[in-house]
Amino acid sequence: MYIELPKEVKYIISRLEENGYEAYAVGGCVRDSILGKTPEDWDITTSAKPEEVKKLFQVTIDTGLQHGTVTVVIAKAGYEVTTFRLDGDYSDGRHPDRVAFTSSLTEDLKRRDFTINAMAYSEKTGLIDKFSGKEDLENGIIRAVGNAEERFSEDALRMLRAIRFAGQLNFKIEEMTLEAIKKLSANISKVSVERIAKELEKLLLSANPEYIHLVYETGIFKVIAPEVAELFEHGLIEELVQAMTRVCYSEKKGIYQIRLSIFLEKLGDIKAVKFLKKLKLDNDTINTVRKLLILLKRETETSDLEMRRTVKEAGHKIMPLFLEARRAKGFFDNSYLYKNIIERGECTEISELRVNGKDLIEAGITKGIMIGKTLDRLLELVIEHPELNTKESLLLEVKHNEE
Ligand code: ATP
Ligand code: MG
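**Section: helix H15 (residues 269-278)**
Three or more residues of H15 are buried, namely Asp269, Ala272, Val273, Phe275 and Leu276. Down the axis, H15 shows its buried residues gathered within 160° of arc, on one side only. Every exposed residue of H15 that faces more than 90 degrees away from the buried side is listed here: Ile270 and Lys274. The inward-facing, buried residues of H15 abut helix H11 (220-224), helix H12 (226-233), helix H14 (252-263) and helix H16 (283-295). With its phi angle positive at about 60°, lysine 280 sits one or two positions after the end of H15.

**Structural notes on the domain arrangement of the protein**
If you check the domain split of the protein, you get domain 1 (1-139), domain 2 (146-224), domain 3 (245-344) and domain 4 (347-403). Centre-to-centre separation of domain 1 and domain 4, based on C-alpha positions: 64 Å.

**Focus on the site of ligand 1**
Around ligand 1, the surrounding shell holds 14 residues, and the nearest of these are Arg31, Asn117, Asp155, Arg158 and Arg164. Within the contact set of ligand 1, an oxygen atom lies 3.2 Å away from a backbone nitrogen or oxygen of glycine 28. The side chain of aspartate 155 places a nitrogen or oxygen atom 2.8 Å from a nitrogen atom of ligand 1. Protein contacts shield 75% of the accessible area of ligand 1, which totals 580 Å² for the unbound molecule. Put simply, the parts of the chain that give the shell around ligand 1 at least two residues each are helix H2 (28-34) and helix H7 (157-169). The element contributing the most residues to the shell around ligand 1 is H7, with four residues. Within the shell around ligand 1, the residues separate by chemical class into one nonpolar, three polar and ten charged.

**Here we look at the sheet that holds strand E5 (residues 77-83)**
Spatial ordering of the open sheet is given by E3-E4-E5-E2-E1-E8-E9, a layout of seven strands whose pairing is mixed. In this open sheet, the two strands that pair with only one neighbour each are strand E3 (60-64) and strand E9 (126-128). Strand-to-strand twist of the sheet, defined as the mean angle between neighbouring strand axes without regard to direction, takes the value 35°.

**Considering the pairing of E5**
Summarising the sheet, strand E2 (residues 43-46) and E5 pair through four bridges and their orientation is parallel. By the bridge assignment for E5, threonine 45 is matched with threonine 82.

**Overview of the packing of aromatic side chains**
Taken as a whole, this structure holds eight aromatic pairs when the rule is applied. Look at tyrosine 216 and phenylalanine 232: their rings are 4.9 Å apart centre to centre, the planes differ by 5°, and that puts the pair in the stacked class. Here the residue tyrosine 216 occupies a position in helix H10 (residues 212-217), and phenylalanine 232 occupies one in helix H12, the gap between them amounting to 16 residues. Owing to a relative accessible area of 4%, phenylalanine 232 belongs among the buried residues under this scheme. Between phenylalanine 232 and phenylalanine 263 the ring centres are 6.0 Å apart and the planes differ by 50°, which places this aromatic pair in the tilted class.

**Here we look at the packing of helix H13 (residues 238-245) against H14**
Between H13 and H14, the shortest axis-to-axis distance is 8 Å and the interhelical angle comes to 165°. Compared by their axis directions, H13 and H14 come out roughly antiparallel. Crossing geometry of H13 relative to H14 is assigned as right-handed. Contacts between H13 and H14 involve Leu240, Val241, Ala243, Met244 and Thr245 on the former and, on the latter, Arg259, Ile262 and Phe263.

**Things to note about the pairing of strand E1 (residues 23-26)**
Here E1 shows two buried faces, one formed by Ala23 and Ala25 and the other by Tyr24 and Val26. Of the strand pairs in this sheet, E1 and E2 are connected by four bridges, and their pairing is antiparallel. In the strand pairing of E2, alanine 23 is matched with threonine 46. Where E1 meets strand E8 (residues 120-122), two bridges bridge the pair, whose relative direction is antiparallel. Looking at the pairing, alanine 25 lines up with tyrosine 121 of E8.

What counts, and where the lines are drawn
Residues numbered from 1 in each chain as written. Chains lettered and ligands numbered in written order. Predicted model: local features only at pLDDT ≥ 70, side-chain atom pairs only at ≥ 80, totals over all residues. Heavy atoms only, no water. Buried < 20%, exposed > 50% of the residue type's maximum accessible area, 1.4 Å probe, protein only. Helix = DSSP H or I, 4+ residues; strand = E, 2+ residues; numbered from the N terminus. Arc of directions from axis to C-beta. Contact = heavy atoms within 4.5 Å. Domains from an automatic or database assignment. Near = heavy atom within 4 Å. Polar contact = N/O pair within 3.5 Å; in protein donor to acceptor, adjacent residues only side chain to side chain. Areas by Shrake-Rupley, 256 points an atom, 1.4 Å probe, with all protein chains shown as cover. Nonpolar A, V, L, I, M, F, W, Y, C, P; charged D, E, K, R; others polar. Pairing = 2+ DSSP bridges. Axes fitted to C-alpha atoms, helices over the stretch in contact; angles between N-to-C directions. Phe/Tyr/Trp six-rings, centres within 6.5 Å; stacked < 30°, edge-to-face > 60°. Parallel < 35°, antiparallel > 145°, perpendicular 65-115°, else oblique. Left-handed = near helix turned anticlockwise from the far one by under 90°.

Below is the structure:
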């Protein structure tokens, strides 16, 4: 097994080796390399202690010294170098009570979650694969390292990670591992909502978001969101889960927001927002999903006028997300109506009117509430008659109305 390591990683490993330590690329980067994917980041595991690592490299950041992690910076990129460690007991099901350094790579690999994530590689040794991770990778299997129940009891987040990796890689969760998740699903309540939300986000952004079904089947949804579990129970959500897989959008955050709104549609906007707030998602995502859920109730537009009314409600930022959500749900794709509106430069919001508040004051409208009301009325007018969006026409309209 040969893996082409980036030259910075080769440098870090050889510098550590030259100084008498062991060092390997480890975890996700080895997994992704074997899969032929370019890893997003390269983690290194070493027998050197953090202080020793710091001495060997010019620029380092103390990322998590208590966990043995130092970030080595080369050409503005960071590489996490972590000392071989054993995790102590996890009495809270979340954090190891203490971590202890070890001189054994095998011990370090043992503490990792899944066999596919527990491989190490260096040019000197080649692939080190104590738990048949490569075979599981070839067979498409997510399998806990060691005893699954023990591993999920130590850290309940691993249960969601198993499902997330299954979704990202289109893998099966091995039977004992899956059974252990089902048995211990209640433990997910020990994990912080932020960490849960992060895993759900990765799952929804994966190539196979329909694996979210497993979050229900394992009993995890029942604990983190009983209202969502109910949708599955009543068979209300299957079609929407499938619709999520059809979402096509140019940018990650948009994909996430579109998929969330499709997934949560049957909850209704109020309960959906409550759920998203419970997950502590950012305000932009919560507001966007709320708007999408309200918009998804609209009938499909069949005329330019109907489309302009929808654009007025949605705004240009949301429109592409909304049209894609509806298309993915299997409705007639009428996005050409929206494209035409954009191409013709038709006005759908107050800022696009050819008059502004100042023009109205100059035209003699008294300040204050009347200005806003007049602009609203003019917007309504040009939505029905786009050709009237000229300064002369609009001022004339205002004058007529005063008379
Ligand atoms: P990605 O970065 O694509 O999410 P990854 O495998 O790199 O995937 P990270 O969360 O970056 O995942 O963790 C790096 C490595 O650390 C993993 O490959 C795994 O070996 C180990 N690891 C991470 N989280 C856990 C955990 N909760 N329990 C045990 N090992 C873990
Ligand atoms: Mg990673």
